Amino acid sequence: MCGIIARVGGDDDGAVDELLTGLENLEYRGYDSAGLAIKNGGGPEVFKREGKISRLKDVLADETPDGGLGIGHTRWSTHGPPTDANAHPHTDCTGDVAVVHNGIVENYDELKTDLADRGHEFESDTDTEVIPHLVKEQLADGVDPETAFRRTIEKLSGSYAVAMITDREHAVYATRRGSPLVLGVDDGDYFLASDVPAFLDFTDDVVYLDDGDVVVVEPDDYRITTPDGEAVDRSVQTVEWDPEDAGKGGYDHYMLKEIHEQPAALRQTLRGRADPATGDIRLEDFPAGSFAGVDRVQFVACGTSYHAGLVGAQFLSDGGVPARAFLASEYATAQPPVDERTLVVGVTQSGETADTLSALRRANASGAATLAVTNVVGSTAARECDDALFIRAGPEIGVAATKTFSSQVVSLALLGERIVRDVTGTRSENARERLDALSNLPGHVQQILDYTSARRVAERYRDSEAYFFIGRGAVRPVAREGALKFKEISYEHAEGFAAGELKHGPLALVTPDTPVFAVFTGRNDEKTLGNVKEAEARGAPVVAVASRDQEAATQYADEVLTVPDTHPDVAGVLANVQLQLLSYHAADLLDRAIDKPRNLAKSVTVE
Ligand code: AGP
């Protein structure tokens, strides 16, 4: 997730050092390039580098610019790979306007084409670069920077936070819509940032900006107005955060923070890609017909990503397209049939997992088309595959994959629908209802975060011998994922099964000391209920993960982790959020190293 920092001081020369501190404080959000622009008497001077902030520091060590006012940015690539040119700040053709931006300008393509027609030249692949060019056009028409900024913002659609400096007044202009932006108030100095920790070394007095607020910050004053220019009053609050903890945004662990980021991550994943009203799917590089030549689809992935791949394969099979998910580490030796009409989809958060890369290379060598579904623009998988679809979950730092699973499943649902339409010539049954359920996911996940009883349930069963997770059909992968997460961070024995398989072996392990977590979706619930009764008859406590509407399921359970009612194909994402929280709290009660579990790594780059 990108990070913005701005520092507004007078004629002192402190801006560079304080901006660099701010950038380092934003590192926890994840980034692949960094940059800053300083207003040094005249126009903005820009310094930016792909890679670590230390690379930017090396450049600045050679030529530190003077100046008390500037903007800085850490970039997490979404449009274009991590390069010096794609790093922020971006400027117009003359270099008079410099801009940093978080979020996505959805209509940048059309704005860029119009600007190019009017003679503007672009240096990057980013959506951001249209902003300084639009501002410059307004300035050239003779308006002041604040008006130019407002008029430009009016033309943007999407979600964003933007900060700008120009060669004119000694001021920073900023606004937010859907992306966070906070103002830090110090003694005569001001800061703007995506997150409080960025400037916590300098001040703990904060003004939280609302969507639509436009703020103009000058060395001795700031003004906040609505988009129409009406003044608004926002109070200054003092935050009581220890800078040490603040990198986790106030949460005890990155994992918990990332679980809580899911509504925002899902909004980002879905943005501009699906229209439930018309049933249309718009996947950037994959217009209708992109997959017309595909006969079958194979997913290759590991761990949590494999569970998302299982869900993806199910979407396709249900829509009439032959599909199967393979563990990437097995794929090379399994030798499944592959030809040029086979699409092999590598599902990988990091895009760097060695087993998955090796399976994709094997598929490629056999003539299949390859597609990476990944979170990391510029990753090896994204570069080596024929195509890439980005899940846009934002950086994930905790070793346990949480928000990326949710964003993978949603991305695979959209991709699956595109493929079904291209291959079969028709929409899959219930496409509208499913899209509707997908678009409601961010709100539904928020409801779970607001009312979950996962900690109490974790506490009640904390001394158990083992933990079993069962689910049928669309949520069989969720049962497996629930168990993987549980064992990964709590170090307790946990297994996930197809509900119907319980009686074919695992039931021998079921006792009063082994709680069974049963996931219900509203489809074939009576069968899963039968399996629950088998466990209950052996004295096992049962926890249903179900909506209130699934009365039969909840009636038999000792505990219920409630999820909002939704389409059965989508219910698994919600159930999984409850199971993520359960694992988190179980591990927290046992005082485990949640963000860095023993023996595990975030990215496994060996086969
Ligand atoms: C999940 O919590 C794990 N840490 C792990 O299973 C992970 O999903 C797997 O290693 C695959 O990683 P990738 O998505 O980056 O390829």
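Now for a description of the structure that goes with this document. (Residues numbered from 1 in each chain as written. Predicted model: local features only at pLDDT ≥ 70, side-chain atom pairs only at ≥ 80, totals over all residues. Heavy atoms only, no water.)

When you tally the buried positions in helix α8 (residues 262-270), you get seven out of nine residues, the bulk of the element. Taken together, the buried positions of α8 are occupied by Gln 262, Pro 263, Ala 265, Leu 266, Gln 268, Thr 269 and Leu 270. Looking one or two residues past α8, Gly 272 carries a phi angle of roughly 75°, positive in sign. (Buried < 20%, exposed > 50% of the residue type's maximum accessible area, 1.4 Å probe, protein only. Helix = DSSP H or I, 4+ residues; strand = E, 2+ residues; numbered from the N terminus.)

Quick look at the nonpolar core now. Core analysis: the biggest nonpolar cluster contains 80 residues, and Val 297, Phe 299, Val 345, Leu 415, Leu 438 and Phe 469 have the highest contact counts within it. Once residues within four sequence positions are removed from consideration, Phe 299 is found in contact with Gly 309, Gly 312, Ala 313, Leu 316, Ala 323, Arg 324, Ala 325, Phe 326, Val 345, Val 347 and Leu 412. (Core = buried A, V, L, I, M, F, W, Y, C linked by side-chain atoms within 4.5 Å. Contact = heavy atoms within 4.5 Å.)

This next bit is on the site of the ligand. Near the ligand, the surroundings consist of 14 residues, among which Ser 305, Thr 348, Gln 349, Ser 350 and Thr 353 are the closest. Thr 348 is positioned with one of its side-chain polar atoms (N or O) 2.7 Å from an oxygen atom of the ligand. Interatomic distance of 2.9 Å between a side-chain N/O atom of Lys 485 and an oxygen atom of the ligand. For the ligand, whose unbound accessible area comes to 420 Å², protein coverage reaches 91%. Put simply, the parts of the chain that give the shell around the ligand at least two residues each are α9 (303-318) and α16 (476-490). Its residues placed into classes, the shell around the ligand shows five nonpolar, seven polar and two charged. (Near = heavy atom within 4 Å. Polar contact = N/O pair within 3.5 Å; in protein donor to acceptor, adjacent residues only side chain to side chain. Areas by Shrake-Rupley, 256 points an atom, 1.4 Å probe, with all protein chains shown as cover. Nonpolar A, V, L, I, M, F, W, Y, C, P; charged D, E, K, R; others polar.)

Quick look at helix α5 (residues 145-155) now. Of all the residues in α5, the buried ones are Pro 145, Glu 146, Ala 148, Phe 149, Arg 150, Thr 152 and Ile 153. In this structure, the buried side of α5 is in contact with α4 (130-140), β7 (158-166), β8 (172-177), β12 (214-218) and β13 (221-225). Put simply, Asp 144 is the residue that caps the front of α5, since its side-chain oxygen is 3.1 Å from the backbone nitrogen of Glu 146.

Here we come to empty space enclosed by the protein. Taken as a whole and assessed by the stated rule, the structure comprises four cavities of 30 Å³ or more. Counted as a void, the largest cavity has a volume near 70 Å³. Looking at the lining of the largest cavity, the elements that each hand over two or more residues are α16 and α19 (571-589). Class assignment for the residues of the lining of the largest cavity results in eight nonpolar, one polar and two charged. (1 Å grid on protein atoms, 1.4 Å probe; cavity = no way out; pocket = protein on both sides within 12 Å on 5 of 7 lines; lining within 4 Å. Points joined across faces, edges and corners; volume = space filled by probe spheres on them.)

The final tally for this structure, using the stated rule, is 32 salt bridges. A salt bridge links Asp 211 to Arg 176; the nearest nitrogen and oxygen atoms lie 2.8 Å apart. Taken together, the residues span a long stretch of sequence, with Asp 211 in the loop between β11 (205-208) and β12 and Arg 176 in strand β8 at a distance of 35 residues. Taking relative accessible area as the criterion, Asp 211 reaches 45% and is therefore assigned partly exposed. Note on Arg 176: relative accessible area 17%, which makes it buried. Arg 418 is paired through a salt bridge with Asp 422; the nearest N and O atoms lie 3.4 Å apart. Of the two residues, Arg 418 and Asp 422 both sit in helix α13 (residues 403-424), four residues apart, roughly one turn of that helix. Under the relative-accessibility criterion, Asp 422 is labelled buried at 12%. Linked through salt bridges whose partners overlap, the residues forming this network are Glu 417, Arg 421, Arg 434, Arg 523 and Asp 569. (Salt bridge = Lys/Arg side-chain N within 4 Å of Asp/Glu carboxyl O.)

Along the chain, Gly 158 falls in strand β7. When its relative accessible area of 9% is taken as the criterion, Gly 158 is described as buried. Separated by 320 residues in the primary sequence, Gly 158 and Val 478 place their C-alpha atoms 32 Å from one another. In this structure Gly 158 touches Ile 104, Glu 106 and Arg 177, once residues within four positions along its chain are discounted.

Bringing the pairing of β11 into the picture now. For strand β9 (residues 182-185) and β11, the ladder comprises three bridges, and the chain directions are antiparallel. Of the residues in β11, the one forming a bridge with Gly 184 is Val 206. Sheet topology note: the β11/strand β14 (residues 237-238) ladder contains two bridges and is antiparallel. Within β14, the position partnered with Val 206 by the bridge is Gln 237. (Pairing = 2+ DSSP bridges.)

Counted as a void, the second largest pocket has a volume near 610 Å³. If you go around the second largest pocket, you meet 23 residues; those closest to its centre are His 79, Tyr 108, Glu 284, Asp 285 and Arg 392. Those elements that provide at least two residues to the lining of the second largest pocket are β6 (97-105), α3 (108-117) and β21 (387-390). For the lining of the second largest pocket, the leading source of residues is β21, giving three residues. Split into classes, the residues belonging to the lining of the second largest pocket amount to 10 nonpolar, four polar and nine charged.

Within the element layout of this structure, Thr 269 appears in helix α8. On the basis of relative accessible area, Thr 269 is assigned to the buried category, the value being 0%. Excluding anything up to four places from it in sequence, Thr 269 contacts Ile 391, Arg 392, Ser 407, Val 410 and Ser 411.

Now for the packing of α9 against α13. For the pair α9 and α13, interaxial distance at closest approach is 9 Å and the crossing angle is 25°. What the angle tells us is that α9 and α13 run roughly parallel. When you trace α9 past α13, the crossing you get is right-handed. Facing Thr 304, Ser 305, His 307, Ala 308, Gly 309, Val 311, Gly 312, Phe 315 and Leu 316 of α9, the residues of α13 in contact are Phe 405, Gln 408, Val 409, Leu 412, Ala 413, Gly 416, Ile 419 and Val 420. (Axes fitted to C-alpha atoms, helices over the stretch in contact; angles between N-to-C directions. Parallel < 35°, antiparallel > 145°, perpendicular 65-115°, else oblique. Left-handed = near helix turned anticlockwise from the far one by under 90°.)

Read across the sheet, five strands follow the order β23-β22-β24-β25-β26 without closing on themselves; strand pairing throughout is parallel. Of all strands in the sheet, those bounded by a partner on one side alone are β23 (494-498) and β26 (559-562). The sheet shows a mean angle of 20° between the axes of neighbouring strands, taken without regard to direction. Across five bridges, strand β22 (residues 467-471) lies against β23 in parallel orientation. Directly across from Gly 471, in β23, lies its bridge partner Ala 498. Sitting on the sheet, helix α17 (residues 525-537) is in contact with β22, β24 (516-519) and β25 (542-546), with an inclination near 170° to β24.

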